[in-house]
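Examination of the molecular architecture
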Amino acid sequence: MGVSPSTVSRITGLETHYKNFNTGNAAMLPQQLAIVGQGNDGSSYSLDKYEIEGSADIVAQKYGYGSPLHLAALQLFPKAGAMATFPVYILPVAKGEQWTAASGEILVTGSATKAGSGTVSIGGVDAEFTVAKGATASETMANIVSAVNAVIEMPALAEVVAAANDVPEHIGLTAKWSGVLGNSITIELDADLPGLTVAITAFADGAGTPDVTDALNKIGQKWVTFVLNTFDYKAGTTLDTYQTWGEGRWSVLQKMPCLVAHGCTDNYTIRTAITDDRKNDYINFLIVSVGSSELPFVIAAKALLDDIITTADKNPPQNYKGQLTGLKAGSDLAQETPSIRNQSVLKGSSTNIKSGNVAELNDIITMYHPDSEGKYPGRRYVVDAVKLMNVEYNCRLITESDDVKGAPLVPDKQITTNPKAIKPKTVKGWLANLAHSLALAAIISDEDFTKENLSVGINSENPKRVDYVFPCKLSGNVEVISGDIYFGFYQG
């Protein structure tokens, strides 16, 4: 009461208090991303969790220019254009002592009969060079080396390697970081070099796969909703580690669900050989751009920004259809037919299509496809997992509020004057309001079903325990449209 109880003189007082009468109105779960990856071999960096403060340059200064962490950050915090509006954390991993860096080669022979120019692309990062008329192979290779090393975000270093032991002079390329991931670096040359011949040896011999357990443990009690894995999804037992950790995040006591994204440029046969063996894995999912020369994790980072997490933050029930603008798509010949994409989904792999020269997200799904659930497994689509995260988030907001914690708990029929007392029907009312709010947001469908089957009660054995069931039908998404057109001709 506003007026002190000791007041005896005639007076009228009035005090205002805020009271939330809309308990149960749905709030959208704030999305957060953590990147698991490594820095360059030449960089000395802390393994502590680090929150990116809106600049990829700072990431480069900490972990090395052209490192996986830097290249991923460049997609999320580009030099121009929209950047991440959600928190992004880095979970660094150090290379192992026995790891080796992948290497590749470019061999130029002949002599330039005309002036020329070209672009060499290393892991999707371009470097332009020119060649003067009459330039020798040695001079041309020196120009290419200078061009490559001048691009600070290049994922590899270049040098001219002198001829020795019957091996001709050539350009040696070495990944800036050690590990099997370096074998994913592509080499492409698009050039007009009359009189010169170019031969390319792909990156290989990178060795070393990470244990990401310590990095994941650094997330702690922060509700990170997505993890970006920058390592090769095919290497080692990384997928198993992520699955075990992720299932723990969905558990009854952790209550902070999370999904793990992996970039992929592999064709149907290669990627489904992995995903089809992971029938019960609802944590890991691929982001695919078939045949792209980009580093796989760069593709995933771009997709997480330009649609998946940004959409999940603003409109959780909307499925994903973003375009990977600014990144190289695979050739037209590499793209997959509708029937192959359909088989890919049935085997637990995401797909992409190509619109013009741009790769576009098509099916974004987890690897989950148990035989027991047939063609339509419940945990297939990433967007459905995001909807479920939001349902869980809102149920937590209700049941973990200060008004509920430690409140006196009495049966529905009991009369009480205690303003702090909680009855099962009170909680049921909040949850019914939540069902209505979630339905308005199109996160769930058929709110009447939820309300009619909603139950809240005091446990029969523990008087200090409330049990509730919140059944809900997640909303669908437009994925398949089938139409028939009938036509004929007018005859007078």
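Residues numbered from 1 in each chain as written. Predicted model: local features only at pLDDT ≥ 70, side-chain atom pairs only at ≥ 80, totals over all residues. Heavy atoms only, no water.

1. Observations concerning the overall build of the protein chain
- On a plain count of helices and strands, the protein chain comes out with 11 helices and 19 strands.
- Counting only C-alpha atoms and orienting by the principal axes, one finds that the protein chain spans roughly 105 × 85 × 45 Å.
- Roughly 24400 Å² of accessible area belongs to the protein chain as shown, and the carbon and sulfur atoms make up 51% of that amount. (Helix = DSSP H or I, 4+ residues; strand = E, 2+ residues; numbered from the N terminus. Areas by Shrake-Rupley, 256 points an atom, 1.4 Å probe, with all protein chains shown as cover.)

2. A word on the layout of surface pockets
- If you add up the space inside the largest pocket, you get close to 720 Å³.
- In terms of lining residues, the largest pocket is bounded by 25 residues, among which Val345, Asp363, Tyr381, Glu479 and Val480 are the most central.
- Those elements giving two or more residues to the lining of the largest pocket turn out to be helix 8 (338–346) and strand 15 (358–363).
- In terms of residue count, helix 8 provides more of the lining of the largest pocket than any other element does, five residues in total.
- Its residues placed into classes, the lining of the largest pocket shows 11 nonpolar, six polar and eight charged. (1 Å grid on protein atoms, 1.4 Å probe; cavity = no way out; pocket = protein on both sides within 12 Å on 5 of 7 lines; lining within 4 Å. Points joined across faces, edges and corners; volume = space filled by probe spheres on them. Nonpolar A, V, L, I, M, F, W, Y, C, P; charged D, E, K, R; others polar.)

3. What to know about the sheet that holds strand 4 (residues 101–110)
- Read across the open sheet, the four strands follow the order 7-8-4-10; overall the sheet is antiparallel. The sheet is open, and its two edges are formed by strand 7 (156–161) and strand 10 (196–204), each paired on a single side. Each strand axis lies, on average, 20° off the axis of its neighbour in the sheet, ignoring direction.
- As paired elements, strand 4 and strand 10 share seven bridges and run antiparallel to each other. Along strand 10, the bridge assignment pairs Ser103 with Ala204. (Pairing = 2+ DSSP bridges. Axes fitted to C-alpha atoms, helices over the stretch in contact; angles between N-to-C directions.)

4. A short note on the sheet that holds strand 11 (residues 226–229)
- One open sheet holds the six strands; their spatial order is 2-3-1-11-12-13, and the pairing between them is mixed. Whereas interior strands pair on both sides, the edge strands pair on one side only; in this sheet they are strand 2 (50–51) and strand 13 (284–288).
- In this structure, strand 1 (residues 33–38) lies alongside strand 3 (residues 88–93), joined through six bridges in parallel fashion. Looking at strand 3, one finds that Gln38 is bridged to Val93.
- Against the sheet, helix 2 (residues 68–76) engages strand 1, strand 3 and strand 11, with an angle of about 150° to strand 1. (Contact = heavy atoms within 4.5 Å.)

5. What to know about helix 1 (residues 56–63)
- Taken together, the buried positions of helix 1 are Ala56, Val59, Ala60 and Tyr63. Viewed end-on, helix 1 has its buried residues packed into an arc of 100°, placing them on one side of the element.
- Two to three positions downstream of the cap, the backbone nitrogen of Asp57 sits 3.2 Å from a side-chain oxygen, assigning the N-cap of helix 1 to Ser55.
- Among the residues trailing helix 1, Gly64 stands out with phi positive, at a value near 105°. (Buried < 20%, exposed > 50% of the residue type's maximum accessible area, 1.4 Å probe, protein only. Arc of directions from axis to C-beta. Polar contact = N/O pair within 3.5 Å; in protein donor to acceptor, adjacent residues only side chain to side chain.)

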